[in-house]
Amino acid sequence: MASFIESGWLYLITHFSDFQLASLGSFFLHESVFFLSGLPFIFLERAGWLSKYKIQTKSNSPAAQERYTWACKAVSHCRPGIFRKVVLTQIIFYFILEDFVFYWGHRILHTKWLYKHVHSVHHEFATPFGLTSEYAHPAEILFLGFATIVGPAITGPHLITLWLWMVFRVLETVEAHCGYHFPWSPSNFLPLYGGAVFHDYHHRLLYTKSGNYSSTFVYMDWVFGTDKGYRKLKALKGNEVEARSKQI
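Keep in mind that this is a model prediction, so the values were computed, not measured.

Looking at this structure, how should I read the nonpolar core?
Looking at soluble globular proteins, one finds that nonpolar side chains tend to be buried together. Formed by 17 residues in total, the largest nonpolar core has its most connected members in Phe34, Phe41, Leu131 and Tyr180. When contributions to this core are tallied by element, the ones reaching two or more residues are helix H2 (18-47) and helix H7 (159-177). It is H2 that provides the largest number of residues to this core, a total of 6 residues. For Phe41, the residues in contact, after removing those within four places along its chain, are Gly130, Val174, Cys178, Tyr180 and Phe182. In terms of nonpolar packing, the next biggest core, distinct from the first, is built from 6 residues, Phe83, Tyr94, Phe95 and Trp165 among them.

Below you can see the structure in the form of structure tokens.
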């Protein structure tokens, strides 16, 4: 497996320039991961498969899904051991920084004027599905996109690190908008990970009361108390499930 990856990387750096890999390579990687991870959720919803894991009982109409689908259509060698440590350290740093920057940017977008003129585009889908993760006003894409690129801009990572970070971010945001909570969802295993249930709550409520502004991990909402409504609802549902189990 390692030799396959190494030979693939060697092919890329010998046949393409640094600029081509950083620009076109990054673009095609992003689009491939985005659509390949997002499209299956449209088919799941239309076919009604795995519906017991769907967070909201209502579904988007096929017309709404089609309207969206058609609307968004420095390289060097490193020693493997050191390289893996650097990659891991940088990606952890990117997650922490992105969570901080995204939280405040997202919270600002929920102020009255910016929500009405910019962020409301993203909230057209109260029942989100995977591909709606990047359905947004162009100004919002630039504004919140800054949270994703600021970490790599500071550290100047190896291109593989940048690509891994892009893959993680795309998969995370598609999962957060997918509308399903599976037994294998990351939020069942990763502490403080938000995921689909956390973000679905954000889409269901009015912009002034939604809260849950965090990106990947939810500690910023917890620190600033903007997830109180979500936590109360979660506790209420937990009590209801416990009461039902006692009746049985």
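Hey, could you run me through unusual backbone geometry in this one?
Leave glycine aside and you will find that most residues have negative phi; peptide bonds, for their part, are mostly trans. If you check the backbone angles, Leu192 has positive phi at about 70 degrees while not being a glycine. Tracing the chain through its elements places Leu192 in the loop between H7 and helix H8 (195-204). Of note in this structure, Asn212 is not a glycine but carries a positive phi near 50 degrees. Position of Asn212 relative to the elements: it lies in the loop between H8 and helix H9 (219-224). Of the residues examined, Asn212 reaches a relative accessible area of 0% and is grouped as buried.

What counts, and where the lines are drawn
In this numbering scheme, every chain counts its residues from 1 along its sequence in written order. The predicted origin of the model limits local features to residues at a pLDDT of at least 70 and limits the giving and counting of side-chain atom pairs to 80 or more, whereas totals for whole chains, interfaces and linings rest on all residues. To obtain the side-chain values, all non-hydrogen atoms of the structure were used and water was disregarded. The nonpolar core is taken to be a set of buried Ala, Val, Leu, Ile, Met, Phe, Trp, Tyr and Cys residues, with the residues joined through side-chain atoms within 4.5 Å. Only protein chains enter the area calculation, which uses a 1.4 Å probe; residues under 20% of their type maximum are buried, those over 50% are exposed, and those in between are partly exposed. Each helix is a run of H or I in the DSSP string that is no shorter than four residues. Each strand is a run of E no shorter than two, and both are numbered from the N terminus. A contact between two residues is defined here by any heavy atoms of the two lying within 4.5 Å.

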